[in-house]
Amino acid sequence: MRKADLCLSSEGAEVILATSSDEKHPPENIIDGNAETFWTTTGMFPQEFIICFHKHVKIEKIIIQSYLVRTLRVEKSTSKEPVGFEQWIEKDLVHTEGQLQNEEIMAHDGHATYLRVIILSAFDHFASVHSISAEGTVVLNFS
């Protein structure tokens, strides 16, 4: 099986929900493969987004590039609809003044059809997510 970045829009992933939206920095920027583009929150927390893989995947590693995120939670679901999420990862990130936070998380029991990423708190009123990568393999296509 070929390992891929399962969160890329070019791999079929889609952001199906985001709690805030700015037309200059839409949530689709998180999965476009370009760290220069980003999604920004609109000030209050928690903020979240949900990624649909449109297939059953096994994730081995997650890499998140963000700015000013203090506490991050990742939940996963193996349902065919975005329901039944279970808490999977929760992490306090280090404040990196003037540069992106690059957080690499090794994943255990990473079977999912959806990921919900929740920014519980930030170091400022606004935070941004520049990219999320999920290295892993496709277990089952829903075609």
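As recorded by an unreviewed UniProt entry, the protein carries the name Intraflagellar transport protein 25 homolog and is attributed to Fukomys damarensis. The record in UniProt for the protein states the following under Subunit (unreviewed entry): "Component of the IFT complex B, at least composed of IFT20, IFT22, IFT25, IFT27, IFT46, IFT52, TRAF3IP1/IFT54, IFT57, IFT74, IFT80, IFT81, and IFT88. Interacts with IFT27. Interacts with IFT88." Under the Sequence similarities (unreviewed entry) heading, UniProt states for the protein: "Belongs to the IFT25 family."

A. Looking closely at the overall build of the protein. The helix and strand tally for the protein stands at zero helices and nine strands. Going from N to C terminus, the protein has its helices and strands arranged as β-β-β-β-β-β-β-β-β. On C-alpha atoms alone, the protein measures out to a radius of gyration of 14 Å, which is about the 15 Å that the 2.2 N^0.38 rule sets for 143 residues. Each principal axis of the C-alpha distribution contributes one length, and for the protein these read about 40 × 30 × 25 Å. The buried share of the protein, taken over its 143 residues, is 47%. Intrachain contacts of the protein at a sequence separation of at least 6 include 76% that bridge at least 24 residues. Of the roughly 7,400 Å² of accessible surface on the protein, a fraction of 48% belongs to carbon and sulfur atoms.

B. Inspection of a nonpolar patch on the surface at higher detail. Together, Val139, Leu140 and Phe142 give the surface a local cluster of nonpolar side chains, amounting to about 260 Å² of exposed area. Its place among the elements puts Phe142 in the segment after strand 9 (128-141). A relative accessible area of 36% means that Phe142 is categorised as partly exposed.

C. Inspection of the side chain of Ser121 at higher detail. Locating Ser121 in the fold gives a position in strand 8 (residues 111-122). Here the side chain of Ser121 touches Thr71 through a polar contact of 3.2 Å, side chain to side chain. Sequence-distant contacts of Ser121, that is, excluding residues within four places in its chain, are made with Phe45, Val69, Arg70 and Thr71.

D. Summary view of the nonpolar core. Phe49, Ile51, Phe53, Ile59, Ile62, Leu115 and Ile132 are the most contacted members of the largest nonpolar core, which totals 32 residues. With near-sequence residues (within four places) excluded, Ile59 lies in contact with Leu6, Phe53, Trp88, Ala107, Gly110, Ala112, Leu115, Ala134, Glu135 and Gly136.

E. Fine view of the side chain of Ser128. With respect to the helices and strands, Ser128 occurs in strand 9. Of the polar contacts made by the side chain of Ser128, one reaches the side chain of His130; its length is 3.1 Å. Not counting chain neighbours up to four residues away, the residues in contact with Ser128 comprise Phe38, Trp39, Thr40, Ser66, Tyr67 and Val69.

F. Structural view of the packing of aromatic side chains. Going through the model one piece at a time under the given rule, you end up with two aromatic pairs. With a centroid separation of 5.4 Å and 75 degrees between ring planes, the pair formed by Trp39 and Phe49 is classed as edge-to-face. Within this pair, whereas Trp39 is found in strand 3 (residues 39-40), its partner Phe49 is found in strand 4 (residues 47-67), the two being separated by 10 residues in sequence. Centre to centre, the rings of Phe85 and Tyr114 are 6.5 Å apart; their planes meet at 70 degrees, and the pair counts as edge-to-face. Of this pair, Phe85 sits in the loop between strand 5 (69-77) and strand 6 (86-92) while Tyr114 sits in strand 8, and the two are 29 residues apart along the sequence.

G. Quick look at unusual backbone geometry. A cis amide bond links Phe45 to the next residue, Pro46, at an omega of 10 degrees. You can see Pro46 is positioned in the loop between strand 3 and strand 4. Look at Leu68: it is not a glycine, yet its phi comes out positive at around 70 degrees. The topology assignment puts Leu68 in the loop between strand 4 and strand 5. Leu68 sits in the buried class, given a relative accessible area of 12%. Residues other than glycine seldom take positive phi values, yet Asp109 does so here, at roughly 55 degrees. Relative to the elements of secondary structure, Asp109 occurs in the loop between strand 7 (101-106) and strand 8.

Rules used throughout
- Residues numbered from 1 in each chain as written.
- Predicted model: local features only at pLDDT ≥ 70, side-chain atom pairs only at ≥ 80, totals over all residues.
- Heavy atoms only, no water.
- UniProt positions renumbered as here; feature names shortened; annotations may be inferred.
- Helix = DSSP H or I, 4+ residues; strand = E, 2+ residues; numbered from the N terminus.
- Rg over C-alpha atoms; globule rule 2.2 N^0.38 Å.
- Buried < 20%, exposed > 50% of the residue type's maximum accessible area, 1.4 Å probe, protein only.
- Contact = heavy atoms within 4.5 Å.
- Areas by Shrake-Rupley, 256 points an atom, 1.4 Å probe, with all protein chains shown as cover.
- Patch = residues over 30% accessible without salt bridge, like charges linked within 9 Å, V, L, I, M, F, W, Y side chains within 5 Å.
- Salt bridge = Lys/Arg side-chain N within 4 Å of Asp/Glu carboxyl O.
- Polar contact = N/O pair within 3.5 Å; in protein donor to acceptor, adjacent residues only side chain to side chain.
- Core = buried A, V, L, I, M, F, W, Y, C linked by side-chain atoms within 4.5 Å.
- Phe/Tyr/Trp six-rings, centres within 6.5 Å; stacked < 30°, edge-to-face > 60°.

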